[in-house]
Amino acid sequence: VDLCIPEKAMTAVVGPSGSGKTTLTRLIARFWDVDAGEIRIGGKNIKAYTTDHLLANIAMVFQDVYLFNDTIYNNIRIGRPDASREEIISAAQKACCHDFITALPDGYGTMVGESGSTLSGGEKQRLSIARALLKDAPIVLLDEATAALDPENERHIQEAIDEVVKNKTVVVIAHRLYTISRADKIVVIDKGRIVEEGDHEMLM
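Residues numbered from 1 in each chain as written. Predicted model: local features only at pLDDT ≥ 70, side-chain atom pairs only at ≥ 80, totals over all residues. Heavy atoms only, no water.

S.K.: Mind laying out the overall build of the protein chain, listing which residues take part and the relevant values?
M.R.: Scanning the protein chain from terminus to terminus reveals nine helices and eight strands. Seen through its C-alpha atoms, the protein chain measures out along the principal axes to roughly 50 × 40 × 30 Å. Looking at the protein chain residue by residue over its 204 residues, the buried ones come to 45%. Across the protein chain, contacts joining residues at least 24 apart in sequence account for 71% of those joining residues at least 6 apart. Here the protein chain carries 23 positive and 30 negative side-chain charges, and the mean point of each set is 3 Å from the other. (Helix = DSSP H or I, 4+ residues; strand = E, 2+ residues; numbered from the N terminus. Buried < 20%, exposed > 50% of the residue type's maximum accessible area, 1.4 Å probe, protein only. Contact = heavy atoms within 4.5 Å. Lys, Arg positive; Asp, Glu negative; His and termini not counted. Charge placed at Lys NZ, Arg CZ, Asp CG, Glu CD.)

S.K.: Tell me what's going on with the environment of Ala95, and back it up with residues and numbers.
M.R.: Here Ala95 is to be found in the loop between helix H4 (85-94) and helix H5 (98-102). Taking the C-alpha atoms as reference points, Ala95 and Ile161, separated by 66 residues in sequence, lie 7.6 Å from one another. Excluding residues within four positions of it along the chain, Ala95 makes contact with Arg126, Ile129, Ala130, Leu133 and Ala160.

S.K.: Could you give an account of the pairing of strand E6 (residues 169-173), with specific residues and numbers?
M.R.: Counting buried residues in E6 gives five out of five residues, a clear majority hidden from the surface. Burial of E6 is two-sided: the residues Thr169, Val171 and Ile173 facing one way and the residues Val170 and Val172 facing the other way are all buried. Alignment of strand E1 (residues 10-14) against E6, held across four bridges, turns out to be parallel. Bridging across to E6, Thr11 finds its partner in Val171. Two strands pair when backbone bridges link them, and strand E5 (residues 139-143) and E6 are joined in this way by five bridges, in the parallel orientation. Across the sheet, the residue bridging to Leu141 is Val171, located in E6. (Pairing = 2+ DSSP bridges.)

S.K.: Residue-level account of the sheet that holds E5, with values.
M.R.: Reading across from one edge, E4-E5-E6-E1-E7-E8 is the order of the six strands in this open sheet, with mixed pairing throughout. Looking at the sheet topology across the chains shown, the edges are occupied by strand E4 (58-61) and strand E8 (193-198). Direction aside, neighbouring strands of the sheet carry axes that sit 15° apart on average. Packing of helix H1 (residues 21-28) onto the sheet brings it into contact with E1, E4, E5, E6 and strand E7 (185-190), and relative to E6 it is tilted by some 150°. Where helix H6 (residues 121-135) meets the sheet, it contacts E4 and E5, and its direction lies at approximately 170° from that of E4. (Axes fitted to C-alpha atoms, helices over the stretch in contact; angles between N-to-C directions.)

S.K.: Go over the layout of surface pockets, please, and point to the residues and values.
M.R.: Over the atoms rolls a probe the size of a water molecule, and its path tells where empty space is left. Taken as a whole, the largest pocket holds about 940 Å³ of empty space. Taken together, 31 residues form the lining of the largest pocket, with Leu3, Ile5, Ile28, Ile39 and Arg40 sitting closest to its centre. When residues of the lining of the largest pocket are traced back to their parent elements, those giving at least two are H1, strand E2 (40-41), E5 and E6. Ranked by residue count, the leading element in the lining of the largest pocket is H1, at four residues. (1 Å grid on protein atoms, 1.4 Å probe; cavity = no way out; pocket = protein on both sides within 12 Å on 5 of 7 lines; lining within 4 Å. Points joined across faces, edges and corners; volume = space filled by probe spheres on them.)

S.K.: I'd like a rundown of empty space enclosed by the protein, residues and numbers included.
M.R.: Evaluated as defined, the whole model comprises two cavities of 30 Å³ or more. Within this model, the largest cavity holds a volume of roughly 40 Å³. Lining the largest cavity we find Leu27, Trp32, Asp33, Val34, Glu38, Ile39, Asn45, Ile46 and Lys47. A per-class count over the lining of the largest cavity returns five nonpolar, one polar and three charged. Quantified by volume, the second largest cavity comes out at close to 30 Å³. What lines the second largest cavity is simply Met10, Leu142, Glu144, Gln158, Ile161, Val172, Thr179 and Arg182. (Nonpolar A, V, L, I, M, F, W, Y, C, P; charged D, E, K, R; others polar.)

Structure representation (structure tokens):
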């Protein structure tokens with residue numbers, strides 16, 4: 001794979017299941033290391049950054065949302081531990097989850113259970129978006145996981161995602177034509193290789 005992801009633009013990654021889309025995002029975040037070649041951010045090999053520094057500059061919203069056995073408030077605060085209460089609530093409002101949180105018996109103090117077992121898939125997804133909004137990192141890795149959601153949830157999540165990606169370098173694993181058609185660059189992957197890239201009009 002030889003790929004340049006433009007700064008402050010949205011790059012959509014598309015391709016069949018098992019083609020390597022998720023692997024690409026995991027490699028950028030350095031969940032795994034490459035065996036050969038290198039991944040550079042700002043011209044510098046990501047192995048030259050400390051893990052803390054690298055991850056401080058990357059916000060992630062993936063399909064497999066991980067929530068800790070803690071309060072909703074603390075689960076959002078993981079995005080930026082020094083954030084004020086006002087900032088945490090503001091992030092929740094932008095991620096369209098403030099209303100469902102305040103409807104819970106203990107509001108932001110509600111315990112979510114291990115892996116967020118007490119919340120629906122859409123609610124967990126919105127909390128992870130609130131976390132990403134609070135973090136406000138310059139790079140956003142996004143697995144657009146709206147396929148399994150009902151239309152109402154999907155609309156809320158799309159609004160929240162639109163808020164997250166403003167003025168950011170975004171790599172999105174895209175499933176929906178809405179996202180693909182407005183991406184600045186589309187990368188088509190098949191069997192671990194890039195088969196074509198360009199904007200929507202060019203590829204059509």
